[in-house]
Amino acid sequence: MKEDPDRVRESADEIARNRYLDILHQFTLRQSSLAKLEDIVWNIAKTAIAELGFEDCVVYLIADDGLMLKQVAAHGPKNPVDREIFNEITIPVGQGIVGHVAQTGEVQRIDDARLDPRYIEDDDFRLSELAVPISHDGRIIGVLDSEHHAAKFFTDEDVRLFTTIASLASTRIDTALTMDRLEKTVVHLEEARQALEMQTEELREARLAAEAASVAKTNFLANMSHEIRTPMTAIVGFADLLAKGVKDPEQQEQWRGQLTQNARYLQDLIGNVLDMSAVEAGEMSLKFESINLLSAVTAAVENLRVRADSKNVGLETVVSGALPSAIITDSLKFREIIVNLLSNAIKYTERGSIKVTLSAENRGAKAILSVEVLDTGIGIDSGQMENLFLPFSRVHDTHHRAGIEGTGLGLALSRQIAAALEGDIVVASTLGKGSKFTLTLPVEIPAGSHWSEHHQANPFAVGPSKLSTAPYVPGTKQLQGLRVLVCEDSASIATLLEVVLNAAGATMTQCVNGLEGLRCFEEQNASGAPPDLVLMDMQMPIMDGYEATGHIKAVRPDIPVVALTAFALADDIDRCLDAGCDYYLTKPIQIETFTEELRSIRERLDA
Ligand code: ADP
């Protein structure tokens, strides 16, 4: 039986329609479970196109700027590895066949690319190309593009299918794109929120720090104002009274005593404040050197013996166990801590005695030093122990500390210095009974240092130091016959030096600047009667002390030059020593210490 040709065409059409519907059905089903943009575009490229039997397919989307087409998914030679596009390219909207579709929204079917100048070769040259727009709400958002090696490959049905797939996918792509942008916006917003939160926190911390700094500054100023004004009032007041002339010598003496006491207090205060601000500015410079341990402690302790003696408080020094002869530390700072602890012990003890115990633990190339200062003074309440070390904190009520001068800086400073030297200060105390402050300091032991026991009654009096430990007796002619050349431009300081030196039995020649001092020195030297010692102010007009010292030392390196400097920081001291000075004394000078220092320098010269 012969087949009806109409029926044959009808069934071929039916098969084609069924395939068409089946592909779309499968495509819709698969797409329905996808939500992410990436999944959607790769599914279009891979699944749908594979079933159409096309050689390749590339999904393009227009970038956010609306100017470029980006390849976002591919199937065929452009997709060698899962979800990767080989040699990914971008095409400007308006260029090439794909760019044309993106610009106009027109479907483009090319039967022979050789005849179309718009054709852009991507991975390979293919004769047929089919490009359809992906549009949503009248907006073109991308292009679906397929190429084939054979000419005239794409049929009308392919065009219809491709267009339908593009339009079915467009809503999903647009929704996914919107979601994508939304997600990015959410991420950005979250990042912005976190950044804002961090900024707020930083601002809050900065505000708190500024507030704390402001409170500290206010406290500091209030403290300083009080601490400075109180003694200043006394100084100005007593000076006025004395200037008016007092008949009663006893009263005159009393007022003079008050004046001196207050001036000394101010001197200590300023010294401590300067040190403290250097520490807080992180400018505490350390200068490590090898020093004789016993001599260093002796010098510090013996310097304060006069004060203990004047209060009738005993001062005993003990060495416990073996000690290294030499240690490496910052000698000035080491001394400052001992002086602070010991002068506190003397200040806060009215009767009884103070015992300074020095010991060291041998750790090979190192040692752990311990300097213990034990007193039988007023003691400290257990609740106040840590406050002692806060700047400006004075823990005794006015009743207890009446008449005891102080700034509340000594311990704060001492602990900071100890910390800088990697040591510590601890305290144990019983109110009304006494206190024990212990400095612990790790130190290096220099080569050549030896450990030995010290059994002498007062071991502090021995040691290689030539420094005299004999107590200063006011009024004795300690500097009898010493000829001193003083270079000092301040008339009042020169007068003070003259009074002090003459009282101690020394004679003095004064010059008002370095140049005059140098001439005077040369004259005296040429006449065979050079000075025994030169006291040199460092800051002077015409020629400063540094230069004058250099010239003097070039001629007579054996004559000691003692720098008198108003700058007491480590760098300034170094500068004096570098200029050739043998010793330095910092202004303002304390008469007792000053004559004592000159006496020990003289002793060293005589030795
Ligand atoms: P200050 O200049 O007041 O002596 P410090 O910082 O040296 O300042 O000491 C802080 C406070 O600690 C002192 O005001 C005092 O109340 C207390 N203190 C320090 N040393 C002793 C001590 N040896 N005995 C009793 N109290 C002490």
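Residues numbered from 1 in each chain as written. Predicted model: local features only at pLDDT ≥ 70, side-chain atom pairs only at ≥ 80, totals over all residues. Heavy atoms only, no water.

Novice: Looking at this model, I keep getting lost on the pairing of strand S2 (residues 68–75). Mind explaining?
Specialist: For a regular strand, side chains alternate in direction, first toward one face of the sheet and then toward the other. Sheet topology places strand S1 (residues 57–62) next to S2; six bridges connect them, and they run antiparallel. When the bridges of S2 are listed, Leu61 appears paired with Lys70. Between S1 and S2, which follow one another and run antiparallel, lie five residues, and Gly66 among them has a positive phi close to 75°. Pairing analysis gives three bridges linking S2 to strand S3 (residues 90–92), with the strands arranged antiparallel. (Pairing = 2+ DSSP bridges. Helix = DSSP H or I, 4+ residues; strand = E, 2+ residues; numbered from the N terminus.)

Novice: Whenever I open this one, the nonpolar core confuses me. Can you help?
Specialist: Where a protein is soluble and globular, its nonpolar side chains tend to be buried together. Phe334, Leu342 and Leu439 are the most contacted members of the largest nonpolar core, which totals 56 residues. Element by element, the count of residues in this core is highest for helix H6 (residues 293–310), at eight residues. Looking at which domains feed residues into this core, each of domain 2 (245–281) and domain 3 (289–397 + 406–453) supplies at least three. Those residues within four positions of Leu439 in sequence are excluded, and the remaining contacts are Phe334, Ile337, Leu341, Leu369, Ser370, Val371, Ala418, Asp424 and Ile425. (Core = buried A, V, L, I, M, F, W, Y, C linked by side-chain atoms within 4.5 Å. Buried < 20%, exposed > 50% of the residue type's maximum accessible area, 1.4 Å probe, protein only. Domains from an automatic or database assignment. Contact = heavy atoms within 4.5 Å.)

Novice: Just to check I follow, could you spell out the pattern of salt bridges for this structure?
Specialist: Between side chains of opposite charge, pairing is possible as soon as their charged atoms come close. With the rule as written, the count across this model stands at 31 salt bridges. For Glu157, the salt bridge is made with Arg19, and the minimal N-O distance between the two is 3.7 Å. In this pair, Glu157 is assigned in helix H4 (residues 156–243) and Arg19 in helix H1 (residues 5–32), connecting sequence segments 138 residues apart. Residue classification places Arg19 among the partly exposed residues on the basis of a relative accessible area of 35%. (Salt bridge = Lys/Arg side-chain N within 4 Å of Asp/Glu carboxyl O.)

Novice: Sorry if this is basic, but what is going on with unusual backbone geometry here?
Specialist: Excluding glycine, residues mostly have negative phi values, and the peptide bonds linking residues are mostly trans. Positive phi is not limited to glycine here, since Glu422 has a value of about 70°. Looking at the secondary structure, you find Glu422 in the loop between helix H9 (410–420) and strand S13 (424–430).

Novice: How should I be thinking about H9 in this particular structure?
Specialist: Since the α-helix packs 3.6 residues into each turn, any two residues three or four apart lie on the same face. Regarding H9, the residues found buried are Gly410, Leu411, Ala412, Leu413, Ser414, Ile417 and Ala418. Against helix H5 (249–280), helix H7 (331–347), S13 and strand S14 (434–444) lie the buried residues of H9. Glu422 sits one or two residues past H9 and shows a positive phi near 70°.

Novice: Sorry, what's going on with the packing of H5 against H9 here?
Specialist: Helix packing geometry: the angle between the two helix axes and the distance between the axes. Their axes nearest at 10 Å, the elements H5 and H9 cross at an angle of 40°. As the angle between them shows, H5 and H9 are arranged oblique. In terms of crossing hand, the pair formed by H5 and H9 is left-handed. Residues Asn272, Asp275, Met276 and Val279 of H5 form the contact with H9, whose own contacting residues are Gly410, Ala412, Leu413 and Gln416. Per-class residue counts for the contact of H5 with H9 are four nonpolar, three polar and one charged. (Axes fitted to C-alpha atoms, helices over the stretch in contact; angles between N-to-C directions. Parallel < 35°, antiparallel > 145°, perpendicular 65-115°, else oblique. Left-handed = near helix turned anticlockwise from the far one by under 90°. Nonpolar A, V, L, I, M, F, W, Y, C, P; charged D, E, K, R; others polar.)

Purely geometric stuff here, so don't read any function into it on its own.
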